[in-house]
Amino acid sequence: VVGGGPAGLAAAASAVRAGCAVALLDSGQDPGGQYWRHRPGRLDGLPAHTTFAWLAETVRSGATYLPRHEVWTIGRAAGGFAVHALCGGAERVIHGATVVVASGAVDRQLPFPGWDLPGVYTAGGAQALLKGHGVTVGRRVVVAGTGPFLLPVADGVRVVGVFEANSTMGWLSRLPAVARNAGRISEAAAYRAKLATSGTRYRTGCAIIAAHGDRHVEAVTVAGLDADWQVRPGTTETIRCDALAVGWGFSPRIELAVGLGCATRVDVDGSVVVDADDDQ
């Protein structure tokens, strides 16, 4: 199994329970991936009842866990596959009859003037620094883009504004899909309540259209958007900040699957994804 996030842990735990000999490779030190990221050495102190702790313990007790293994390619081999990984500067090859690719996703980014300034982060990068190392990206942070992931990114730092490009009606028009994720709805509501309590600005139908600064981001320009996500004249505003975390959702990491020859297709959001059937 390549990848120690929620999907990789679930696949590895299922294989362990089925009596298979399992090896789980992950680039991180501890399992959890980006979603269940923890600071180094904090794994043993987690509550045993959590889904993550249960999966991690199942894998650690019944599988070979190989941390800090950066898988760079997977090839066909006699009797199955050969997984090529780098660990400590040396290559290691793991052979298996079956391979599960659970390589996760990366932040989708859209360019804008000033997006390459120091102090401009992806939303995932900002959260990874906070969750994995306890480091905040700035003292006055603006969070922008679209999607529910913006809310947890804004938790734990001093945020001067959260700017969601979608409108409330955009979510309401997809209530059946939203209703299937009741747990996430309550989680988002809790984050939203914390922002309201702290007095943080939260605006929908807005986007960052520029970042400003000489050697580091010093301010951003926010603009209102119409139904087609075009800037509405007369709605721009400049906000001073020393960091910007922006994210437009996620795109799957499909390099390993493409290298294996898996078919791909364009998904509804424009991302290229692996064309998996109902049995994955």
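Residues numbered from 1 in each chain as written. Predicted model: local features only at pLDDT ≥ 70, side-chain atom pairs only at ≥ 80, totals over all residues. Heavy atoms only, no water.

Draft legend 1. The arrangement of the pattern of salt bridges in detail. Enumeration over the complete set of coordinates arrives at six salt bridges. Between Glu237 and Arg201 there is a salt bridge, and its shortest N-O distance comes to 3.1 Å. Of this pair, Glu237 sits in strand E13 (residues 237-240) while Arg201 sits in the loop between helix H7 (182-198) and strand E10 (202-204); the two residues are 36 residues apart in sequence, bridging distant segments of the chain. Taking relative accessible area as the criterion, Glu237 reaches 29% and is therefore assigned partly exposed. (Salt bridge = Lys/Arg side-chain N within 4 Å of Asp/Glu carboxyl O. Helix = DSSP H or I, 4+ residues; strand = E, 2+ residues; numbered from the N terminus. Buried < 20%, exposed > 50% of the residue type's maximum accessible area, 1.4 Å probe, protein only.)

Draft legend 2. The arrangement of the sheet that holds E13 in detail. Read across the sheet, three strands follow the order E11-E12-E13 without closing on themselves; strand pairing throughout is antiparallel. Bordering the open sheet on either side are strand E11 (206-212) and E13, each of which pairs with just one other strand. Across the sheet, the mean angle from the axis of one strand to that of its neighbour is 30 degrees, orientation sign disregarded. Sheet topology places E11 next to strand E12 (residues 219-224); six bridges connect them, and they run antiparallel. The partner of Ile208 across the bridge, within E12, is Val222. (Pairing = 2+ DSSP bridges. Axes fitted to C-alpha atoms, helices over the stretch in contact; angles between N-to-C directions.)

Draft legend 3. Representation of the layout of surface pockets. Approximately 380 Å³ is the volume found for the second largest pocket. Elements represented by at least two residues in the lining of the second largest pocket include exactly helix H1 (6-17), strand E1 (23-25), strand E4 (80-87) and strand E5 (90-96). Element by element, the count of residues in the lining of the second largest pocket is highest for E5, at three residues. (1 Å grid on protein atoms, 1.4 Å probe; cavity = no way out; pocket = protein on both sides within 12 Å on 5 of 7 lines; lining within 4 Å. Points joined across faces, edges and corners; volume = space filled by probe spheres on them.)

Any functional reading would require information beyond the geometric quantities listed.
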